Amino acid sequence: MTPDYALLARQLEALLDTRDWLTNSAQTCAFLMQEIPDLNWAGFYLQRSPGMLGLGPFQGKPACHPIPFDQGVCGAAARTRQTQRVDDVHAVTDHIACDAASNAELVVPITVNGRLWGVLDLDSPVKGRFSAADQAGIERLVAVFAGRTDLT
Ligand code: SME
């Protein structure tokens, strides 16, 4: 069943009571891990140097770091600035396998004033876990995060 993303958006708005990026990104990935069923990893990668993603706050197993823009699903999201929704990561040739348990992946780019700030990455052990409705819902939650946070 698709989560009630309108309700989750209101809950996330209430949770993010500072504008600090570190606090809000930590809270957001913890919230997603609690509220979205069938995730094994939820976290942020930040563009801390040009063309390179660095691991930020996350929930789950230790993960790959750094990730250049020309590699993996996260790199594709950063490069194209388009959400990447992958039903089966093992069918993606340059997928970066941080955890063999991951089968599906959703990566949402986060831009601020025309600059790529980072991406939100969700992984699931369930193939085809993320529907178009999940993509729209998670994009809505990312918009709540970005709107309530000072991202520089
Ligand atoms: N699978 C990602 C790497 C990040 S981990 O999933 C946490 C990718 O291909 O970009």
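On a predicted model such as this, the values are computed, not experimentally measured, just so you know. Here, residues in each chain are numbered from 1, in the same order as that chain's written sequence. In keeping with the model being predicted, local features are shown solely for residues with a pLDDT of at least 70 and side-chain atom pairs are shown and tallied solely at 80 or more, while totals for entire chains, interfaces and linings include all residues. To get the side-chain values, take all heavy atoms of the structure and skip hydrogens and water.

Our focus in this paragraph is the overall build of the protein chain. Helix and strand definitions follow DSSP, with helices as H or I runs of at least four residues and strands as E runs of at least two, each counted in order from the N terminus. When helices and strands are counted, the protein chain shows 4 helices and 6 strands. In sequence order, the protein chain lays out its α and β elements as α-α-β-β-β-α-β-β-β-α. Throughout, radius of gyration means the C-alpha value; the globule benchmark is 2.2 Å times the number of residues raised to the power 0.38. Relative to the globule expectation of 15 Å for 152 residues, the C-alpha radius of gyration of the protein chain, 14 Å, shows essentially globular dimensions. Judged by the C-alpha coordinates and their principal axes, the protein chain covers about 40 × 40 × 25 Å. Throughout, exposure labels follow a simple rule: accessible area from a 1.4 Å probe, protein chains only, divided by the maximum for the residue type, with under 20% read as buried, over 50% as exposed, and the rest as partly exposed. Counting all 152 residues of the protein chain, 47% fall into the buried class.

Moving on to helix α4 (residues 132–147). Helices are assigned an expected span. That span is 1.5 Å times one less than the residue count. For α4, spanning 16 residues, the distance from its first C-alpha to its last is 22 Å, which sits close to the expected 22 Å at 1.5 Å a residue. Asp 134, Gln 135, Gly 137, Ile 138, Leu 141, Val 142, Val 144 and Phe 145 are the residues of α4 that are buried. Contact criterion: two residues are considered in contact whenever any of their non-hydrogen atoms come within 4.5 Å of each other. Summarising the contacts, the buried residues of α4 are in contact with α1 (5–15), α2 (21–35), β1 (41–49), β4 (84–86), β5 (104–112) and β6 (115–124). A 3.5 Å cut-off defines polar contacts: any pair of N or O atoms within that distance qualifies, except that in protein one atom must be a possible hydrogen donor and the other a possible acceptor, and neighbouring residues in sequence count only when both atoms are side-chain atoms. Of the residues that open α4, the one with a side-chain oxygen 3.3 Å from the backbone nitrogen of Ala 133 is Ser 131.

Moving on to the site of the ligand. Of all residues adjacent to the ligand, which total 13 residues, the nearest are Val 73, Cys 74, Ile 96, Cys 98 and Asp 123. The separation between a nitrogen atom of the ligand and a polar side-chain atom of His 95 is 3.4 Å. Glu 105 places a polar side-chain atom, nitrogen or oxygen, 3.1 Å from a nitrogen atom of the ligand. Alone, the ligand offers 300 Å² of accessible surface; in the complex the protein occludes 98% of this. Of all the elements in the fold, those that place two or more residues in the shell around the ligand are β1, α3 (72–80) and β6. The element contributing the most residues to the shell around the ligand is α3, with 3 residues. Residues are grouped as follows: nonpolar covers Ala, Val, Leu, Ile, Met, Phe, Trp, Tyr, Cys and Pro; charged covers Asp, Glu, Lys and Arg; every other residue, Gly included, is treated as polar. Of the residues in the shell around the ligand, the class split is 8 nonpolar, 2 polar and 3 charged. Residues are classed as near a molecule or strand on a simple rule: at least one heavy atom within 4 Å of it. Residue burial considers only the protein chains on display, and all accessible areas are found by Shrake-Rupley using a 1.4 Å probe.

We now examine the state of the cysteines. Here, the term disulfide refers to a pair of cysteine sulfur atoms separated by no more than 2.5 Å. In this structure the tally under the stated criterion is 1 disulfide. A disulfide bridge connects Cys 64 with Cys 98, and the sulfur atoms are separated by 2.2 Å. Residue Cys 64 is located in the loop between β2 (52–60) and β3 (67–68), and its partner Cys 98 is located in the loop between β4 and β5; the two are separated by 34 residues in the primary sequence. Take Cys 29: it sits in no disulfide, and the sulfur closest to it among the cysteines is that of Cys 74, at 13 Å. For Cys 29, a relative accessible area of 1% translates into the label buried. The cysteine Cys 74 is free of any disulfide, with Cys 98 supplying the nearest cysteine sulfur at 7.5 Å. Take Cys 74: its relative accessible area is 4%, and that puts it in the buried class.

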